[in-house]
Amino acid sequence: QAQLVESGGGLMHPGGSLSVSCAASGRTFSSDSMGWFRQAPGKEREFVADITWIRSTYYADSVRGRFTISRDNAKTTVYLQMNRLKPEDTAVYYCAVDTNLVRLRNGRAEYWGQGTQVTVSS
C-alpha cells in the first residue's frame, strides 16, 4: 500500500522561513510527478507547486519566487522550502503524487498525504 507522510511545518512569524517534506513509501515513485497543495480554513484546496521526475518545476503565482520545491528520488521524498512567509500562507499543506502530471496539477492525484499545518502569524 503506497503511503505519503508529511513532516515539518509549524508556526512562523511573517517574513520567516519554514520547510515541509513528504516521504513516499510502498512502491517506486521515482518516475512520478510530486506536488504540494494547501487548504486554508474555509477555503478550497489549492495548488502550490509540482515537480516532475526530471525535476521540471511549476509554481502557483502566489508562491513563485518565495517557495522552492525539490525532490530526492533515492529517498522518494519531496520538499517544499517556504521563504518570506505571509499570513495568507497559513494552511494545511498536503503532498500528492501521481504518474500523470496534468491529473496531479488539477488536484486529482492518486496518492495524498495526511497534511501538515503551517501557521504564519506574529
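Data block above holds the structure.
Residues numbered from 1 in each chain as written. Predicted model: local features only at pLDDT ≥ 70, side-chain atom pairs only at ≥ 80, totals over all residues. Heavy atoms only, no water.

**Points about the overall build of the chain**
Phase 1: Broken down by element type, the chain carries one helix and eleven strands.
Phase 2: Secondary structure elements of the chain occur, N-terminal to C-terminal, as β-β-β-β-β-β-β-β-β-α-β-β.
Phase 3: In terms of overall dimensions, the chain is globule-like: its C-alpha atoms have a radius of gyration of 13 Å, near the 14 Å expected for 122 residues.
Phase 4: Each of the three principal axes of the chain carries a C-alpha extent, and together these read 40 × 25 × 25 Å.
Phase 5: In the chain, which comprises 122 residues, the share counted as buried stands at 47%.
Phase 6: Here the contacts in the chain between residues at least 6 apart in sequence split such that 56% fall between residues at least 24 apart.
Phase 7: For the chain, the accessible surface area stands at approximately 6,200 Å², while carbon and sulfur atoms represent 48% of it.
Phase 8: Charge-centre separation for the chain: the mean point of 14 positive side chains lies 3 Å from the mean point of 11 negative side chains. (Helix = DSSP H or I, 4+ residues; strand = E, 2+ residues; numbered from the N terminus. Rg over C-alpha atoms; globule rule 2.2 N^0.38 Å. Buried < 20%, exposed > 50% of the residue type's maximum accessible area, 1.4 Å probe, protein only. Contact = heavy atoms within 4.5 Å. Areas by Shrake-Rupley, 256 points an atom, 1.4 Å probe, with all protein chains shown as cover. Lys, Arg positive; Asp, Glu negative; His and termini not counted. Charge placed at Lys NZ, Arg CZ, Asp CG, Glu CD.)

**Observations regarding the pattern of salt bridges**
Phase 1: Summed over the entire model, instances satisfying the criterion amount to seven salt bridges.
Phase 2: The residue E46 makes a salt bridge to R38 at a minimum N-O spacing of 2.6 Å. (Salt bridge = Lys/Arg side-chain N within 4 Å of Asp/Glu carboxyl O.)

**Regarding the sheet that holds strand β8 (residues 77-82)**
Phase 1: The antiparallel open sheet is built from four strands, whose spatial order is β1-β3-β8-β7. Each having just a single partner strand, β1 (3-8) and β7 (67-72) make up the two edges of the open sheet. Neighbour to neighbour, the strand axes of the sheet diverge by 15 degrees on average, direction disregarded.
Phase 2: Summarising the sheet, β1 and strand β3 (residues 18-25) pair through six bridges and their orientation is antiparallel. The residue bridging V5 from the neighbouring strand is A23, located in β3. (Pairing = 2+ DSSP bridges. Axes fitted to C-alpha atoms, helices over the stretch in contact; angles between N-to-C directions.)

**With respect to the pairing of strand β9 (residues 91-98)**
Phase 1: Of all eight residues making up β9, seven are buried, and the element is well covered by its neighbours.
Phase 2: Note: strand β4 (residues 33-39) against β9, seven bridges, orientation antiparallel. Across the sheet, residue M34 finds its bridge partner in β9, namely V97.
Phase 3: Sheet analysis places β9 next to strand β10 (residues 111-112), joined by two bridges and oriented antiparallel. Bridge pairing in β10 links V97 to Y111.

**Some points on the state of the cysteines**
Phase 1: Taken as a whole, this structure holds one disulfide when the rule is applied.
Phase 2: Across a sulfur-sulfur distance of 2.0 Å, C22 and C95 are joined as a disulfide pair. Taking the sign of the S-S torsion, about 40 degrees here, the bridge from C22 to C95 comes out right-handed. Pair noted here: C22 is in strand β3 and C95 is in strand β9, with a separation of 73 residues, a long-range link.
Phase 3: Under the relative-accessibility criterion, C95 is labelled buried at 0%. (Disulfide = S-S within 2.5 Å.)

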